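# Chains, contacts and geometry: an overview
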Amino acid sequence: MSGIDVGEELGARAAQARALSLLRIRSRALAVAILPAAVAVVLFAAGAQGHLAGPAWDTVRWTVLGVAVVVLLVTVLVAVSVARARPAMSPTVPVPEEGAPDLYRLVRDLADRLDVPAPSAIALTPDCDSWLEDRTHRALRRGPVAAAEAGDTAPVLVIGSPFLWWMRVAELRAVLAPVVAGTGPSAHPDIAAARRFVRGLDASIADAAGPGRGTVRGAPLAFAGWVSRLLLRACRDHAAEMERCVAAAASMRAQTVDHGLRISAQEQVGLAYAGWDRLLTRVALPAWRMGRWPSRLDAGVVSALTELSRRDRLADGFALRLGERPACDLLEEPGVADEAASLLAARLFHGGPAESGPGWAPVDWQQYPDEVVDRKWRSEAARLHRVLDTLGVPRASAADPAVPTLARVMEHLSGPGGPGGPGEKLAAGIGAAVAREEAEAPGHGGPGHGAADDPLDLWGPGPLPLFPLQPPRTGTELLADHVAAMVCCAAVDTAGAAPGLDWLDGPALLVGGERRADLATPVLSLVEDGDPDPLLSWLAEVGVRSDKPVRLV
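Residues numbered from 1 in each chain as written. Predicted model: local features only at pLDDT ≥ 70, side-chain atom pairs only at ≥ 80, totals over all residues. Heavy atoms only, no water.

### A closer look at the overall build of the chain
A tally of regular secondary structure across the chain gives 18 helices and 9 strands. Here the chain holds 553 residues, and the buried ones make up 46% of them. Considering only contacts within the chain whose residues lie at least 6 apart along the sequence, 76% involve residues at least 24 apart. Total accessible area on the chain is roughly 26100 Å²; 58% of this is exposed by carbon and sulfur atoms. (Helix = DSSP H or I, 4+ residues; strand = E, 2+ residues; numbered from the N terminus. Buried < 20%, exposed > 50% of the residue type's maximum accessible area, 1.4 Å probe, protein only. Contact = heavy atoms within 4.5 Å. Areas by Shrake-Rupley, 256 points an atom, 1.4 Å probe, with all protein chains shown as cover.)

Below, the structure is given as structure tokens:
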């Protein structure tokens, strides 16, 4: 037996031992619940045989019986609550086998090489991670036949959608090997029962914490949640160690598959995560705020990482891999899958609606500069001037007071900065206007329910977004963004500049075809210190006329 086999065997046995510890906790809790009933049975049996006679013992017998009945009723209540509570299921995009036969074939071949059961299905998630998810709970199954067969179903393989577009086929197989190997321990009855027990407790706690229960239903659920919380606290260490041992055993088993390639593939995982995070926060988030959702986020991460490889010498050579077959070729219609994953990402990370509409439309990368960047700048500039009007700030143009100009903004902000300065009220007004518009945006901040077969229906009723990308912006940050937008509008209208897209930094101002990334510092000098000189120098260098009118949305 090789060292790999020994390590895998030790990890599997350790996981089974921890699973048995979890099941013993469940058994002890059940034993405590039936103890009063057992004592009552002994007392009544003794009385029937002429032992423990007398009025005092009769009182004891009936008292213990009453306690036993109450405890059994409470036990049934907790057991039913745990059994009926629906575990949260990760929001994913299902991938049917007819839509990705090559991907299913790759996963099944991988399972055969690892000598483990193949996953029952494949789904995509807009994140840089992959895992197995148990979806055998009756509430997660649709139809009586599916519910009856749930107990024998293998877990679902969830794959991060950016992996399919950035990784090559061989790299994806190497990354998925330890994940697919986890179906072996998942099939062990003790480990499966222990996981169901822990997930049931967790779901019961979440169910008890849900809003809108009312007193009649809320009190029993609260008690069941309290008991589940006690049991889960007792299970926490054993459950964590069991999962660690399962992962170790799966990793050891996967050592036999593409071991040399796994090292380089893990480097691609880290790189994909960095590019995906940058794409979401710098590129996608501005579009989501404008009521547009990029429909090819996964394809965009390839462009972002290619740009990173061009700028960063540490990433040299990664772009050369693009000549090999990408893993997204394993899908029959990669564009459809990318669009579904992109919409799900917008819902998870921003809280957009479940379907496209007048205020929530898809946008492709070719339209991004005009549909997102230009509209963003002009919308923010228009909001800035509306707040200035509310504050009673006079227009800078005496000839035509209705004309919006950059000079008006600069004249208002020039002067002593800091608390009490001219920018404080302006920042507060902009913050209030942004909050008001976001609250009125379609679908934003609502509960996680949308169209039929909504992937968020099985997650829970929590408000969206589930995973906000950034904390709320401060008033100063909002004011700086709006002033920069006004400057960009003036540069486009008076100096021949153009809106553009930078794959790593998002909206960009192009002057003479080259990106100008030096606008932030002079804008902050004006906003925070009331010093207009750095911005005036920048405007003169680019050729922007601050006294000329700009076009607003």
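Text resumes after the structure shown.
### Focus on helix H12 (residues 334–349)
Because each turn of an α-helix spans 3.6 residues, side chains separated by three or four positions in sequence point in the same direction. Compared with the 22 Å implied by 1.5 Å per residue over 16 residues, the 22 Å span of H12 between its first and last C-alpha is a close match. On its buried face, H12 is in contact with strand E1 (93–95), strand E2 (121–125), helix H5 (161–166), helix H10 (259–289), strand E5 (292–294) and helix H11 (297–311). With its phi angle positive at about 95 degrees, Gly 351 sits one or two positions after the end of H12. (Expected span 1.5 Å × (residues − 1).)

### Brief notes about the pairing of strand E7 (residues 498–502)
As paired strands, E7 and strand E8 (residues 506–511) are joined by 5 bridges and run antiparallel to one another. Of the residues in E8, the one forming a bridge with Pro 499 is Leu 509. As consecutive antiparallel partners, E7 and E8 are separated by 3 residues. (Pairing = 2+ DSSP bridges.)

### Considerations on the nonpolar core
Core analysis: the biggest nonpolar cluster contains 113 residues, and Leu 172, Val 180, Leu 279, Trp 288, Leu 297, Leu 479 and Val 483 have the highest contact counts within it. Discounting residues that sit within four places of it in the chain, Trp 288 has contacts with Leu 280, Trp 293, Pro 294, Leu 297, Ala 345, Ala 346, Phe 349, His 350, Trp 360 and Leu 469. Leu 22, Ile 191, Ala 193 and Val 246 belong to the second-largest nonpolar core, a separate cluster that totals 23 residues. (Core = buried A, V, L, I, M, F, W, Y, C linked by side-chain atoms within 4.5 Å.)

### Points about the pattern of salt bridges
Within the structure shown, the criterion is met by 25 salt bridges. A salt bridge links Lys 376 to Glu 380; the nearest nitrogen and oxygen atoms lie 3.4 Å apart. Taken together, the positions of Lys 376 and Glu 380, both in helix H13 (residues 368–390) and 4 residues apart, correspond to about one turn of that helix. Glu 380 carries the same exposure label as Lys 376, and that label is buried. Three or more residues are tied together by salt bridges with common partners; here these are Arg 278, Arg 282, Asp 502, Asp 505 and Arg 515. (Salt bridge = Lys/Arg side-chain N within 4 Å of Asp/Glu carboxyl O.)

### Describing the environment of Leu 413
Mapped onto the secondary structure, Leu 413 falls in helix H14 (residues 406–413). The class of Leu 413 is buried, set by a relative accessible area of 2%. Spatially, the C-alpha atoms of Leu 413 and Glu 424 are 9.5 Å apart, while their sequence positions differ by 11 residues. Once residues lying within four places of it in the same chain are set aside, the contact partners of Leu 413 are Pro 422, Gly 423, Leu 426, Leu 479, Val 483, Leu 526, Val 527 and Gly 530.

### Observations regarding the packing of helix H15 (residues 422–440) against helix H16 (residues 475–495)
The interhelical angle for the contact between H15 and H16, taken along N-to-C directions, is 90 degrees, at an axis separation of 8 Å. Here H15 lies roughly perpendicular to H16, going by the angle between them. Two secondary-structure elements touch here, H15 through Gly 423, Leu 426, Ala 427, Ile 430, Gly 431 and Val 434 and H16 through Gly 475, Thr 476, Leu 478, Leu 479 and His 482. Residue classes in the contact of H15 with H16 are distributed as 6 nonpolar, 5 polar and no charged. (Axes fitted to C-alpha atoms, helices over the stretch in contact; angles between N-to-C directions. Parallel < 35°, antiparallel > 145°, perpendicular 65-115°, else oblique. Nonpolar A, V, L, I, M, F, W, Y, C, P; charged D, E, K, R; others polar.)

### Concerning the sheet that holds strand E9 (residues 514–515)
Strand order in this open sheet of 3 strands is E7-E8-E9, and the pairing throughout is antiparallel. A strand with exactly one partner marks an edge of an open sheet, and here the two such strands are E7 and E9.

### Some points on the packing of aromatic side chains
Taken as a whole and judged by the stated rule, the model has 4 aromatic pairs. Judged by centre distance (5.9 Å) and plane angle (45 degrees), the rings of Trp 365 and Tyr 368 are tilted. Each member of the pair, Trp 365 together with Tyr 368, is buried. With 4.9 Å between their ring centres and 70 degrees between their planes, Trp 365 and Trp 503 make a pair best called edge-to-face. Residue Trp 365 is found in the loop between strand E6 (361–363) and H13, and its partner Trp 503 is found in the loop between E7 and E8; the two are separated by 138 residues along the sequence. (Phe/Tyr/Trp six-rings, centres within 6.5 Å; stacked < 30°, edge-to-face > 60°.)

### Examining the sheet that holds E1
Sheets are built from strands paired through backbone hydrogen bonds, the pairs being either parallel or antiparallel. Spatial strand order, E1-E2-E4-E3: 4 strands in an open sheet with mixed pairing. If you trace the sheet from one side to the other, it starts and ends with E1 and strand E3 (130–133), each paired once. In this sheet, neighbouring strand axes are inclined to one another by 30 degrees on average, regardless of whether the strands run parallel or antiparallel. As paired strands, E1 and E2 are joined by 3 bridges and run antiparallel to one another. Pairing of Val 93 across the sheet is with Leu 124, part of E2. This element, helix H3 (residues 101–114), spans E1, E2 and strand E4 (156–160) of the sheet and lies at about 115 degrees to E2.

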